[in-house]
Amino acid sequence: MERTHPIALRRPLRRRPGPDPPVPSGSLGVDTTMTTTTTPATPELLARWAATPPPVGPETDHERQRWLSRLADADLRARVFFTHDDDTVHALLGLHRFRDGRYRLGRIRTASPPDERAAALIHAAIARARDEGARLVGMRLPVEHATPPILRAVTASGGRFDGGRIEFRRDLRELPREAPHGPLRWREARDRDQTAALYVRTSEGSDDGLEPGEDPRETVDAWRTGPLRCAVHTGSLDGVPVALVCAHADTDGPPTWSGLAWMGLVPEARGRGLGHAVHAHGLSLLRRLGGTVYHGGTSLDNAPMRACFARQDVPELCRFDRLRWDLP
């Protein structure tokens, strides 16, 4: 039902009218028609960026500072690209490396609507991913960042539209607390193989499900061993496991961000009104973990999951285009 990274809907990228993109040159994809330069991160560039206005888009000051603090990780810092000139840092973009040759482009951080300078970052990041042997790169592009220069850069670098996503946010303390009783019986998921098998089953037929080549056991391990506080529960109906929910909370705030890395039902348990109970249990886990702000999302066409957000009175925050690069 809910997933944090992009998956394939296999639809073509939506092109917007406009001139052809400039041809990038050099290993970092620098646009030679401009005076700006696209380079990897340096301490001086990070310091200059930290002093710039907040980026365009739905990002809080805490999220911005948390992202900057993560750049103490040298492996991540090596994949952050800036476009800048002598006086100004115009934009930056991070390339995140996961397992099995999968990478993800982060949010384009810019204090103005993305232009050709920001678009050069996409060429730089995709070139680095190719050099490192990536097989798949995904990206969530906020609709306010889908400017003609960005869309042209995506097309020129081999990317394609991969479906829409909608995200929601609300203070957990403002959300209604539903009664804990119901048909599902919950317990902590302790067995790795059983949890992975249930993850596979709850992914069946879901747009937000298991990706081709993804090892569900590694995903379950990543849920539990990451830097965030975590709780993974299974829900049973008449003694049979039919639901799975993984809750994460970052308590380094304030505010303390929290979200559901995964929630889902096996196919035979869907259409019976149980999704609301799964979502409500996930919210209760977030409260136990110390979360105060709930940030969730789902595919734009996932009507049941959107109904869960509506029933819990979680308002829409923003919409994204999911993009995908399948690299040889």
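See the structure above.
Calculation rules
Every chain's residues receive numbers from 1 upward, in the order its sequence appears when written. Reporting in this predicted model follows two pLDDT cut-offs: at least 70 for local features of residues, and 80 or more for side-chain atom pairs to be given and counted; totals over whole chains, interfaces and linings ignore these cut-offs and use all residues. As a rule here, side-chain values cover all heavy atoms of the structure and leave hydrogens and water aside. Helix and strand definitions follow DSSP, with helices as H or I runs of at least four residues and strands as E runs of at least two, each counted in order from the N terminus. Categorising residues by exposure relies on relative accessible area from a 1.4 Å probe, with only protein chains included: less than 20% of the type maximum marks a residue as buried, more than 50% marks it as exposed, and the intermediate range marks it as partly exposed. Contact between two residues is taken to exist if any of their heavy atoms lie within 4.5 Å; hydrogens are not considered. Here the open area of atoms and residues is found with the Shrake-Rupley method and a 1.4 Å probe, where only the protein chains shown may cover a residue. Disulfide assignment relies on a single distance test, namely cysteine sulfur atoms paired within 2.5 Å. Axes, fitted as lines to C-alpha atoms, cover a helix only where it is in contact. Angles between the N-to-C directions of the axes lie from 0 to 180 degrees. Reported orientations rely on four angle classes, namely roughly parallel under 35 degrees, roughly antiparallel over 145, roughly perpendicular from 65 to 115, and oblique for the rest. Here is the rule for handedness: rotate from the far helix to the near one, and if that takes an anticlockwise turn smaller than a right angle the crossing is left-handed, while a clockwise turn gives right-handed. Three categories are distinguished: nonpolar for Ala, Val, Leu, Ile, Met, Phe, Trp, Tyr, Cys and Pro, charged for Asp, Glu, Lys and Arg, and polar for the others, with Gly belonging to the last. Any Lys or Arg side-chain nitrogen located within 4 Å of an Asp or Glu carboxyl oxygen qualifies as a salt bridge. Relevant arc is that of directions from the helix axis to the C-beta atoms, nothing else. In protein, a polar contact means a hydrogen-donor-capable atom and an acceptor-capable atom, both N or O and within 3.5 Å, with residues adjacent in sequence counting only if both atoms are side-chain atoms; elsewhere, any N or O pair within 3.5 Å suffices. Residues enter a nonpolar core if they are buried and are Ala, Val, Leu, Ile, Met, Phe, Trp, Tyr or Cys, with the set joined through side-chain atoms within 4.5 Å. Each aromatic pair joins two rings of Phe, Tyr and Trp (for Trp, the six-membered one) with centres within 6.5 Å, and gets the label stacked for planes under 30 degrees apart, edge-to-face for over 60, and tilted for any other angle. Two strands form a pair only when DSSP identifies at least two bridges running between them.

Trainee: Hey, could you go over the overall build of the protein chain for me, with residue numbers and the actual values?
Mentor: The secondary structure content of the protein chain amounts to 9 helices and 14 strands. Relative to its full complement of 328 residues, the protein chain shows a buried share of 53%. Taking the contacts inside the protein chain whose residues are at least 6 apart along the sequence as the reference set, 75% of them involve residues at least 24 apart. Carbon and sulfur atoms form 52% of the exposed surface of the protein chain, whose accessible area is close to 14,500 Å².

Trainee: Just give me the short version of the environment of T147, but keep the residues and values in it.
Mentor: Secondary-structure assignment places T147 in the loop between β7 (136-142) and α5 (148-156). Once the C-alpha coordinates of T147 and D115 are considered, the two residues, 32 residues apart in sequence, prove to be 7.3 Å apart.

Trainee: Mind laying out the state of the cysteines, listing which residues take part and the relevant values?
Mentor: Following the criterion strictly, the structure yields 0 disulfides and no others. Free of any disulfide, C246 has its nearest cysteine sulfur in C230, 3.9 Å distant.

Trainee: Got a sec to walk through the packing of helix α6 (residues 192-203) against helix α7 (residues 216-225)? Specific residues and values, please.
Mentor: Between α6 and α7, whose axes approach to 8 Å, the crossing angle comes to 110°. Comparing their axes, α7 and α6 come out roughly perpendicular. Crossing geometry of α6 relative to α7 is assigned as right-handed. Here α6 contributes R192, D193, T195, A196, Y199 and V200 to the contact with α7, which in turn contributes P216, R217, E218, T219, V220, D221, W223 and R224. Looking at side-chain class alone, the contact of α6 with α7 contains 6 nonpolar, 2 polar and 6 charged residues.

Trainee: Hey, could you go over the pattern of salt bridges for me, with residue numbers and the actual values?
Mentor: Inspection of the entire model under this criterion finds 18 salt bridges. A salt bridge links R170 to E174, with the shortest nitrogen-to-oxygen separation between them at 3.3 Å. Among the ionic pairs, E188 bridges to R190, the shortest N-O distance being 3.3 Å. The exposure class of E188 is partly exposed, given its relative accessible area of 41%. Overall, the relative accessible area of 67% leaves R190 in the exposed class. Because the salt bridges share partners, they merge into one network encompassing R160, D162, R324 and D326.

Trainee: Now, about α7: what can you tell me, with residues and values included?
Mentor: For α7, the set of buried residues is P216, T219, V220 and W223. Around the axis of α7, the buried residues are gathered within 100° of arc, so they sit on the same side. Buried residues along α7 sit against α6, β10 (229-237), β11 (240-250) and β12 (257-265). For α7, the N-terminal capping position is held by D215, with its side-chain oxygen 2.9 Å away from the main-chain nitrogen of R217.

Trainee: Can you lay out the nonpolar core for me, pointing to particular residues and giving the numbers?
Mentor: Counting 39 residues, the largest nonpolar core has W223, V242 and Y294 as the members making the most contacts within it. Elements with a contribution of two residues or more to this core: β8 (160-171), α6, α7, β10, β11, β12, α8 (275-288) and α9 (303-311).

Trainee: Describe the packing of aromatic side chains, naming the residues involved and giving the relevant values.
Mentor: For the structure shown, the criterion picks out 4 aromatic pairs. On the numbers, 5.4 Å between centres and 80° between planes, the contact of Y199 with W262 is edge-to-face. Of this pair, Y199 sits in helix α6 while W262 sits in strand β12, placing them 63 residues apart in sequence. Neither Y199 nor W262 differs from the other in exposure class; each is buried. For the pair Y294 and F309, a centre-to-centre distance of 6.1 Å together with 25° between the ring planes defines the contact as stacked. One end of the pair, Y294, is in strand β13 (residues 293-299); the other, F309, is in helix α9, with 15 residues separating them in the sequence. Across this residue pair, the class does not change: Y294 and F309 are buried. A connected cluster of aromatic rings, assembled from ring pairs, spans F168, Y294 and F309.

Trainee: Run through the pairing of β8, naming residues and quoting values.
Mentor: Where burial is concerned, most of β8 is hidden: 11 out of the 12 residues are buried. Pairing geometry for β8 and strand β14 (residues 316-326), over 7 bridges, is antiparallel. Among the inter-strand pairings, E167 is bridged to a residue of β14, identified as C318. Of the strand pairs in this sheet, β8 and β13 are connected by 7 bridges, and their pairing is antiparallel. The partner of R165 across the bridge, within β13, is S299.

Trainee: Can you break down the environment of Y103 residue by residue, with the values?
Mentor: With respect to the secondary-structure elements, Y103 resides in strand β5 (residues 102-105). With a relative accessible area of 6%, Y103 lands in the buried category. When the C-alpha atoms of Y103 and V137 are compared, they prove to be 4.6 Å apart, with 34 residues separating the residues in sequence. Ignoring sequence-local partners within four residues, the contact set of Y103 consists of R79, L95, H96, R97, F98, A129, E132, A134, L136, V137 and G138. A polar contact of 2.6 Å, which involves the side chain of Y103, links it to the side chain of E132.

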